[in-house]
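Secondary and tertiary structure notes
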Amino acid sequence: MTLKSRFVLGSAASNLWAKTGSEDQWHSLASHMVDAAQMGVRLWEDWLALSTRRWLAEPVGSDEAGRALFAWLAGCHDLGKASPAFQIQVPALAAQVCRTGLPLPSVLPERSKAPHAKVSAVAIGPLLAERFGWDRRFTVGPAAILGGHHGWFPEEGFSAEGRKRPSLYGWSDDQDAPWMAARRELFDLIVAVTSADSALHAGAGIELGRARELALSGYVILADWLASNAGLFPYASVAYAPPYIEESTARAGRALQSIGWRRWDAPATRLDFIQRFTFAPNALQEQTIATATRATEPGLLIIEAPMGVGKTEASLAAVEVLARTQGFGGTFIALPTQATSNQMFLRARKWLEHFESGTYVMELAHGKADQIADYRALGGTPVSIDVDEGHGAQVTAADWFHGSKRRLLAPFVVGTIDQALLCAAKVRHVALRQVGLVGKVVVVDEVHAYDAHMSVFLRRALRWLGAAKVPVVLLSATLPPVTRRRLIEAYVGSAVEVGEISYPAVVHIAPSGEVTSSPVTSEGPPKRARIQVLTERGGGGGKEVTDVVTSLVRREANVLVVRNTVVRAQETYRALVNVLGEGAVTLLHARFLVDHRLKKEAWLAAHFGPSSNRPHGHVVVGTQVLEQSLDVDFDVLVTDLAPIDLVFQRMGRVHRHPGVHRPKGFEEPFAIVTGLVRVSTGPPEFPRGSLAVYAEHLLLRTSALLVDRESITLPDEVPVLVTRVYGEETITPSTWAQRAAAASAAWREAQLARERAAEQFAIPAPEGAPNLLELCRIGIGDRDDDDPAVQAAVRDSTPAIEVVIGWGSGSLDLIDALGGKVPLDHRPTPEEMDHALGSTLRLPSRLTSAALAELHTPSGWRENPWLRHLRVLVLSPKANEAPLGKNVLRYSEALGLEATSRGG
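Below or above, wherever it landed, is the structure these notes cover. Within every chain, residues take consecutive numbers counted from 1 along the sequence as written. Whole-chain, interface and lining totals are the exception, using all residues; otherwise, since this is a predicted model, local features are given only for residues with pLDDT of at least 70 and side-chain atom pairs are given and counted only at 80 or more. Hydrogens and water are ignored here; the side-chain numbers use all heavy atoms of the structure.

It is worth spelling out the packing of helix α2 (residues 29-46) against helix α4 (residues 63-76) at this point. Axis angle and axis distance: for two packed helices, these are the angle between their axes and the distance between the axes, and together they describe the pair. The axes used here are C-alpha line fits, helices contributing only the stretch in contact, and every angle between their N-to-C directions lies in the interval 0 to 180 degrees. By definition, any uninterrupted DSSP run of H or I lasting at least four residues is a helix, any uninterrupted run of E lasting at least two residues is a strand, and each is numbered from the N terminus. For the pair α2 and α4, the least separation of the axes is 7 Å and the interaxial angle reads 145°. In the crossing of α2 with α4, the sense of the turn from one axis to the other is right-handed. Note on element contacts: α4 touches α2 through D63, G66, R67, F70, A71, A74, G75 and C76, opposite M33, A36, A37, G40, V41, L43, W44 and E45. Residues are grouped as follows: nonpolar covers Ala, Val, Leu, Ile, Met, Phe, Trp, Tyr, Cys and Pro; charged covers Asp, Glu, Lys and Arg; every other residue, Gly included, is treated as polar. Grouping the amino acids of the contact of α2 with α4 by side-chain chemistry returns 10 nonpolar, 3 polar and 3 charged. Left-handed describes a crossing in which the near helix is turned anticlockwise from the far one by less than a right angle; the clockwise case is right-handed. Should any heavy atoms of two residues lie within 4.5 Å, those residues are considered in contact.

Next up, the structure:
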């Protein structure tokens, strides 16, 4: 029998309970604490990335001591359940506790006055001081970690709570008083079980630092969740006895494997790019691999290069190199939208399928992930894929990871940027968000796409990732110099001398702030893109654009038309269909039902992707959903004026793929910029919709550089023009001066206001947080991070109201959704739920108030985790419309959702 097994508790500590179930089942507190400690050991040994283990162990000097500290924290999380306020909650078990001599209140108290997580925080400091001589200033970290295991950290002044409510906390100045003694025994048990003596005997205490404390808090939550799973750790229904340690050890050893968890260790051999991606690397990809290989410690990697040159493959290659050389255990890839995430998911899955034999757990993280057939196909069963040389890789989505807070914990995750930014938001369980990124290589695509509000969260997230020694790869077609510098300084945590950055380039920033820029040689000579600025009066269906596009189509060009608003896109679609017919025009925007949008995106990929059967003379009309990360290729672009960097993004969808046969006269890229009215005596006029989306300041500066141009040289002029638009020099004509000055002042004021608003919801940087205690106490409030209001706070938008559109009349207990009927008065079957989810869309923000007042979640959906946030909009079957507030809403597969004023 080992020393651990011989550790005997007194009767009082042995009979305390932690968990109860049906049929009078219960699990002792000591047993549950041992279970959590054992799960801590297994997480450390079998799941944590080697890089994470090194980082967490730094303050205590060795991997063994790091594991002991890690497991000890996990085991002590429920120390606060050894308190009167908790133990009195179940009468039969309370009587059992009383018989051991532990006093309980005569009246059932409110547990909210002494929640057991806070009692754990209150109790741990004095025990560390008594048993190991810790100075009080060092005990705040462990207290916050234990006190935060239900998602919120205790507030400042928590340590005085025991004295304020001694009858609830079991607090006494006499250390040998019954409750104090029981907690000491449990504390000593976990120290013995985890062999934490040497780690805790660290002088006056251990300075972990805020980043480690936040990560450790997340790992403690995780260990508690796993140890609380009755399927993994069945309730014993008996008082704790020493032999249970061996039983718990065995159960913990089986736990991770049984739920599909495994650590991914990168292949030990050097990257074979051709085997991974089926083509030879280009100059950008070779430079990225070389830069990642030279990196000796985690840092920031910025890849700036034109659209369509393989930044995605370069970033995936960097992930593999950094994982192999520095011990990271997976990746999280963040993108601006659900559509771009879906596309990246397919590309990343293909990358994994070309790995050596093994099973790779992969998740898609966004609100509609379960509507993506390729994701659902992974299921919980590995999918075997044959690759070169007879190796087989398996990609699966383990069921345990499907919960909203658990998706990021999988080794390989693709998701929307919100999922990453929430690691820097004042939300419940923010520590779990941190854990989902620590130990991975984090890739953020389309960095230029984030506005002033979201950029605050991005920079704050970068700072926490830098403090946690997480490598980050940022991808962009081009970045304004000021934006690049702010991102670099956020990651490093101090001012950095960036210097001149060539273009295209791969830039590495070490944790010390040392910047190394490696220029990339272009694959071929610079490319000339023709530019034409076209005045357009009226709405999106004006004659100017219709005539030009019709002329291009009749010359067999495939044309992409990008409008700045959904309404303008719908107007353009109608006007072109009237001339060219429905078969020649396709419309895509964000207001289609999920199934319709996915079908349209699949059609686009099939007909305009890299290996497509291209039509001739087809028009695709859309909004910003077409400008980011979609791998499609057209002959000509017609675009509303937008800020210069976004114009370049849209131009990246033209002549994207080499080797495509172009119609005569379209052998070089051609972009027509419209959505403005040129005025001979002053600045141009812009549509109201464009001004609602983009700042007039940037539109004026962009138009000043484009109105008289006939061409742009790619990629040479991209960084030059972006720098000028976002810079300080005067570039608008003198006749624009008054309006340009007013627009500039309004833009700067708006930028500052949005940043200030974001700061209210963002957690402070590690250096600005004296402890974790106030990290999440104010801001978004006591909401889970999958709440629509939380998502809106990160994106600085009105909370999105997502609806299921159905068709019905009369007594509404059933609606017709896409694919079939869905009941409203009882919980739908899985098939019926799929029909409902396929019929969802987000309403325009201007309809939010009316939707909240008039639309409701059906009673039968409120217990369903996927449907509980959804409201139902019922359209009349004949007219395909319904009133909402002062509007009439109509829906069709061709046009999507339309909202018009009643009578309009």
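Moving on: the sheet that holds strand β19 (residues 711-714). If you walk across this open sheet you meet the 7 strands as β15-β16-β14-β17-β18-β13-β19, and the pairing is mixed. The open sheet has two edge strands with one neighbour each: β15 (585-588) and β19. Each strand axis lies, on average, 20° off the axis of its neighbour in the sheet, ignoring direction. The pairing of strand β14 (residues 559-562) with strand β17 (residues 636-640) spans 4 bridges and is classified as parallel. Bridge assignment links V561 to a residue of β17, and that residue is V638. Pairing between strands is defined by DSSP: at least two bridges between the two strands are required.

Let us now look at the sheet that holds strand β27 (residues 896-901). Taken together, the 3 strands give an open sheet; going across it, the order is β25-β26-β27, and neighbouring strands pair in antiparallel fashion. Either end of the sheet is taken by a strand with one partner, and the two such strands are β25 (881-884) and β27. For this sheet, the mean angle separating the axes of adjacent strands, direction not counted, is 25°. Inspection of the sheet shows strand β26 (residues 887-892) paired to β27 by 6 bridges, in the antiparallel sense. Bridge assignment links N887 to a residue of β27, and that residue is S901.

The buried count for strand β20 (residues 802-807) comes to 6 of 6 residues, which makes it a mostly enclosed element. Accessible area is worked out with a 1.4 Å probe on protein chains only. A residue is then buried under 20% of its type maximum, exposed over 50%, and partly exposed in between. Residues E802, V804 and G806 of β20 are buried on one face, and the alternating residues V803, I805 and W807, pointing to the opposite face, are buried as well. Where β20 meets strand β23 (residues 840-842), 3 bridges bridge the pair, whose relative direction is antiparallel. When the sheet's bridge partners are listed, V804 is paired in β23 with T840. Note that β20 and strand β24 (residues 871-875) share 5 bridges and pair parallel. Considered in β24, the bridge of V804 is made with V872.

In this scheme Phe, Tyr and Trp rings, the latter by its six-membered ring, pair at centre separations within 6.5 Å, and the angle between planes marks the pair as stacked below 30 degrees, edge-to-face above 60, and tilted otherwise. Here the structure, examined in full by the defined rule, presents 18 aromatic pairs. Summarising the aromatic geometry, the rings of W351 and F412 are spaced 6.0 Å apart at their centres and angled 80° between planes, so their arrangement reads as edge-to-face. On the criterion of sequence distance, the pair formed by W351 in helix α18 (residues 338-353) and F412 in strand β8 (residues 412-416) is long-range, its members being 61 residues apart. For F412, a relative accessible area of 3% corresponds to the buried category. Each residue in the set W44, W47, F70, Y219 and W261 is aromatic and connected to the rest through ring pairs, giving one cluster. Positioned above the aromatic ring of F670, the side-chain terminus of R530 is 3.9 Å from the ring centre. Put simply, a charge is over a ring when the Lys NZ or the Arg CZ is close to the ring centre, within 6 Å, and near the line of the ring normal, within 35 degrees.

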